[in-house]
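Residues per chain are reported as follows:
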Amino acid sequence: MTARIPRGFFAEKKLPKVLGAVGIALVGMLVYLYSGRMELLHREPLKPPPADAPYLQKHESAEVRLQDLVSRMTLEEKIGQMALVDKNSIQDPDDVRAYGLGAVISGAGAKPDVNTPKGWKTLVAGYSEISKASRLGIPIFYGVDAIHGHGNVPGAVIFPHAIGLGASYNPTLVESIARATAQELAATGVNWSFSPTLDMPEDIRWGRTYESFGSDPVLVATLGAAYLRGLQSVHTEDGGVRVLGTPKHFVGAGSMEWGSSSNKDFHIDQGTTRADDARLRAVYLPPFAATIEAGAQSIMVGLNSWGDTKLSAEKYLLTDVLKGEMGFKGFLVSDWYGVYEIPGTDYSAAVAAINAGIDMVMLPFDYKTFVTNVTRAVRRGDITEARIDDAVLRILNAKFASGLFDDTTSKPTDTFGAPEHRQLARTAVSESLVLLKNKQRTLPLTEHLRHIRVAGSAADNVGLQAGAWTIEWQGIDGNWLPGGTSLLSGIRTRAGKGTTVEYSRTGDFGVNVMQADIGIAIVGEKPYAEGWGDNEYPTLSEEDMQTIKKLRVTSDKVVVIVVSGRPLFMSDVIASADAVVAAWLPGSEGEGVVDVLFGDVPWKGKLPLAWPDHIEQLPITTVGSTRDGSVPLFPRYFGLR
Ligand code: BGC
């Protein structure tokens, strides 16, 4: 009780001793009553809202609902909305209600115990119900990284990674893929995806090159906007957006300098982007402007630095440029632990990020300290209440637009792993293939071939084909993805009745064997995600190089199919092969590659970024010029027909 009274109270008031014990008791009683009254006053706004509160009425305008809701919220409830927490970091599920958390994320690999669509539905519905049990019943966003389909769930259709979609340069296709992805997400209850990626890689050594559509701002803006439109085109009964998209990573990600990473385990990921205002506007902003125009309601801020400042603390870029000049009305979410990459204490980092313009913080771990710190910051005046209100209005506006306060139940049209999605992915794979070389019409293959030998680390491995962000953050190995088809199995199915298809992963077909008509080497990279994929010299593995050599000895002609997240340094291999195909990371539908190999579908893909010949050419700018001024092995948009 006395703790509520300033320490010098009794001394200052010089209470006459005569009051003695009785007086003190009386004062104590008054204080008790007064503080009880204060508590009552304090608790008063903590009553649940009346059933006729305007924000609960579907027929009210979004603006009326929004203003009504915010006017009922306490400071703590507002700050809770600004927290995005990883599901594996939630200490007690009831904390989602008690802290009024704004959103929950299943970071890559944070799956339900039973990793099925039903398991996901139960998981998401569970947290949603808990959030709706909070005083004001504010529902959460539940977010995942669906960057090439709903890659977290076995049985989902895994579409080509963005770099392959970039090679298709087909916005209609990309829009359909994103719509199919939204349907698969909605079928599991997930209502928020951290996609599309609008980064533009200038250095193929970067471990996230494949997450990007390419290095050309026009291409990235076109496909990014198409993706966002598609993802947000699946609606609730009331017209809400079932799955909210999140263009990322604002801004200049892809142009970091090699060796500048702030993470000691990485080389370039989370590094420094150095660019002036002119380049910012000419190169990096247009893709974001295009997605804002297409209806983006949230944008993720990158883990890179802009000059010497971490993006999460870049007030000029976040508030003045993005929210001000560009008129972005949605909310800014920071990236994984990104706020705490800002130098200083947890307190000062949160203050700097929120003041810079971050609206929702992907903590993703310690929400309790965050709420305490931000509450204290507001009380001390380090963050204004107006800034908190602005952040919360942006977040809640997106929640209303998503129909989260109304009926979001699945419609019978929700489809997961549907045959039409597989067909769409197969088409996308075909359109993503880039034919780099085709000596004497080695391709297409025909049904009349007598003997085909297939070899290579990626020939019979759907995990490698799919790349990272598939079930696990760093991807998987092997053929156990339900519904997936490896390239080898696609070739076996498609080859003519009279064709023998022989397979050895390492190309060991025996000595002095008869020559095959064609040897197909399906080689490439093992999956990797983020900075773990930073690679000083991306090239083929020694095993794959040997495999190609062995195939050359046992086959008349050799076709090399490269399954990789980026162009590789392999000029010698390309020079000696009869045909070379860049297949990127095609995903679960290996037949898409086979369709083109056998000429059932024409070659359409074009390189979405230049393919370098030697390392001194890196970085290659977004207009395609190399560092040493020499011409790349293949320029951007190269692709034979
Ligand atoms: C990545 C983001 C991703 C986030 C959530 C981060 O490490 O940089 O692209 O959306 O994790 O999984």
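What counts and how
- Residues numbered from 1 in each chain as written.
- Predicted model: local features only at pLDDT ≥ 70, side-chain atom pairs only at ≥ 80, totals over all residues.
- Heavy atoms only, no water.
- Buried < 20%, exposed > 50% of the residue type's maximum accessible area, 1.4 Å probe, protein only.
- Helix = DSSP H or I, 4+ residues; strand = E, 2+ residues; numbered from the N terminus.
- Pairing = 2+ DSSP bridges.
- Right-handed = clockwise from strand over helix to strand, strands pointing away.
- Phe/Tyr/Trp six-rings, centres within 6.5 Å; stacked < 30°, edge-to-face > 60°.
- Near = heavy atom within 4 Å.
- Polar contact = N/O pair within 3.5 Å; in protein donor to acceptor, adjacent residues only side chain to side chain.
- 1 Å grid on protein atoms, 1.4 Å probe; cavity = no way out; pocket = protein on both sides within 12 Å on 5 of 7 lines; lining within 4 Å.
- Sits in = over half its atoms within 2 Å of the grid points.
- Nonpolar A, V, L, I, M, F, W, Y, C, P; charged D, E, K, R; others polar.
- Axes fitted to C-alpha atoms, helices over the stretch in contact; angles between N-to-C directions.
- Parallel < 35°, antiparallel > 145°, perpendicular 65-115°, else oblique.
- Left-handed = near helix turned anticlockwise from the far one by under 90°.
- Contact = heavy atoms within 4.5 Å.
- Core = buried A, V, L, I, M, F, W, Y, C linked by side-chain atoms within 4.5 Å.

Peer 1: So what exactly am I meant to see when it comes to the pairing of strand S16 (residues 579-582) here?
Peer 2: For a regular strand, the rule is simple: side chains alternate between the two faces of the sheet. Side chains Ala 579 and Val 581 project from S16 onto one buried face, and the interleaved Val 580 and Ala 582 project onto a second face that is buried too. The pairing of strand S11 (residues 434-438) with S16 spans 4 bridges and is classified as antiparallel. By the bridge assignment, Leu 435 is partnered in S16 with Val 581. Here strand S15 (residues 555-563) pairs with S16 via 4 bridges, running parallel. From the neighbouring strand, Val 559 faces S16, where its bridge partner is Ala 579. At this point the chain moves from S15, through helix H19 (residues 571-576), to the parallel S16, and the crossover so formed is right-handed.

Peer 1: I'm lost on the environment of Thr 427 in this one. Help?
Peer 2: Position of Thr 427 among the secondary structure elements: in helix H15 (residues 419-432). Sequence spacing of Thr 427 and Val 601 is 174 residues, and the spatial spacing of their C-alpha atoms is 9.0 Å.

Peer 1: Would you mind showing me how to read the pairing of strand S14 (residues 516-524) here?
Peer 2: For S14, the buried fraction is high: 9 of the 9 residues fall into the buried class. Two strands pair when backbone bridges link them, and strand S12 (residues 451-455) and S14 are joined in this way by 4 bridges, in the parallel orientation. Paired with Ala 455 across the bridge in S14 is Ala 521. Sheet topology note: the S14/S15 ladder contains 8 bridges and is parallel. What sits directly across from Ala 521, in S15, is Val 560. Regarding the hand of the β-α-β motif, the stretch spanning S14, helix H18 (residues 542-554) and S15 is right-handed.

Peer 1: It is not clear to me how the packing of aromatic side chains should be interpreted in this structure. Could you clarify?
Peer 2: In this description, a pair of aromatic rings is defined by centroid distance and the angle of the planes. In total, this model carries 19 aromatic pairs according to the counting rule given. Ring plane angle 90 degrees and centroid distance 6.3 Å describe the contact between Tyr 55 and Phe 405, whose orientation is recorded as edge-to-face. Within this pair, whereas Tyr 55 is found in the loop between helix H2 (20-43) and helix H3 (62-72), its partner Phe 405 is found in the loop between helix H14 (385-401) and H15, the two being separated by 350 residues in sequence. Across the pair, exposure class does not vary: Tyr 55 and Phe 405 are buried alike. Ring centres 5.6 Å apart and planes at 55 degrees place the aromatic pair Trp 192 and Phe 331 in the tilted group. Here the residue Trp 192 occupies a position in strand S4 (residues 192-193), and Phe 331 occupies one in strand S9 (residues 331-334), the gap between them amounting to 139 residues. Pair check on accessibility: Trp 192 and Phe 331 agree, each one buried. One aromatic cluster is present, built from ring pairs that chain together Phe 141, Trp 192, Phe 194 and Phe 331.

Peer 1: Hey, could you run me through the site of the ligand in this one?
Peer 2: All residues adjacent to the ligand are Ile 105, Asp 145, Phe 194, Arg 208, Lys 248, His 249, Met 300, Leu 303, Asp 335, Trp 336, Met 362 and Glu 530. Residue Asp 145 places a side-chain N or O atom 2.4 Å away from an oxygen atom belonging to the ligand. The contact in question runs from an oxygen atom of the ligand to an N or O atom on the side chain of Arg 208, over 2.7 Å. Applying the majority rule of atoms within 2 Å of the grid points places the ligand in the largest pocket. Across the shell around the ligand, the residue classes tally to 6 nonpolar, 1 polar and 5 charged.

Peer 1: Before we go on, may I ask you to explain the sheet that holds strand S7 (residues 305-306) in this structure?
Peer 2: Paired through backbone hydrogen bonds, the strands of a sheet run either parallel or antiparallel to each other. With respect to topology, 3 strands assemble into an open sheet ordered S5-S7-S8, the strand pairing being mixed. For this open sheet the edge positions go to strand S5 (272-273) and strand S8 (309-310), each flanked by a neighbour on one side alone. Two strands pair when backbone bridges link them, and S7 and S8 are joined in this way by 2 bridges, in the antiparallel orientation. For Trp 306, the partnering residue across the bridge sits in S8 and is Thr 309.

Peer 1: How should I be thinking about the packing of H3 against H14 in this particular structure?
Peer 2: Two quantities define a packed helix pair, namely the angle between the helix axes and the distance between the axes. Contact geometry of H3 with H14 gives a least axis separation of 10 Å together with a crossing angle of 130 degrees. Considering the angle they form, H3 stands oblique to H14. When you trace H3 past H14, the crossing you get is right-handed. Across from Arg 65, Leu 66, Gln 67, Leu 69 and Val 70 in H3, the residues of H14 making contact are Asp 389, Val 392, Leu 393, Leu 396, Asn 397 and Phe 400. A class-by-class count of the residues in the contact of H3 with H14 yields 7 nonpolar, 2 polar and 2 charged.

Peer 1: For this particular structure, what's the right way to read the sheet that holds S14?
Peer 2: If you walk across this open sheet you meet the 6 strands as S11-S16-S15-S14-S12-S13, and the pairing is mixed. Unpaired on one side and paired on the other, S11 and strand S13 (500-503) mark the two borders of the sheet. For this sheet the average axis-to-axis angle between neighbouring strands, irrespective of direction, equals 15 degrees.

Peer 1: So what exactly am I meant to see when it comes to the nonpolar core here?
Peer 2: Trp 192, Val 251 and Phe 370 are the most contacted members of the largest nonpolar core, which totals 111 residues. When residues no more than four places from it in sequence are discounted, the contact partners of Val 251 are Leu 280, Tyr 284, Leu 285, Phe 288, Asn 304, Trp 306, Leu 311 and Leu 317. In this structure, Leu 433, Leu 449, Val 581 and Ala 582 belong to the second largest nonpolar core, which totals 69 residues.

Peer 1: Where do I start with the side chain of Ser 131 in this structure?
Peer 2: Positionally, Ser 131 belongs in helix H6 (residues 117-132). Looking at Ser 131, its side chain comes within polar contact range of the main-chain oxygen of Ser 128, at 2.7 Å. A polar contact is formed between the side chain of Ser 131 and the backbone nitrogen of Ile 140, at a distance of 3.2 Å. Filtering out sequence-adjacent residues up to four positions away, Ser 131 remains in contact with Val 96, Gly 137, Ile 138, Pro 139 and Ile 140.

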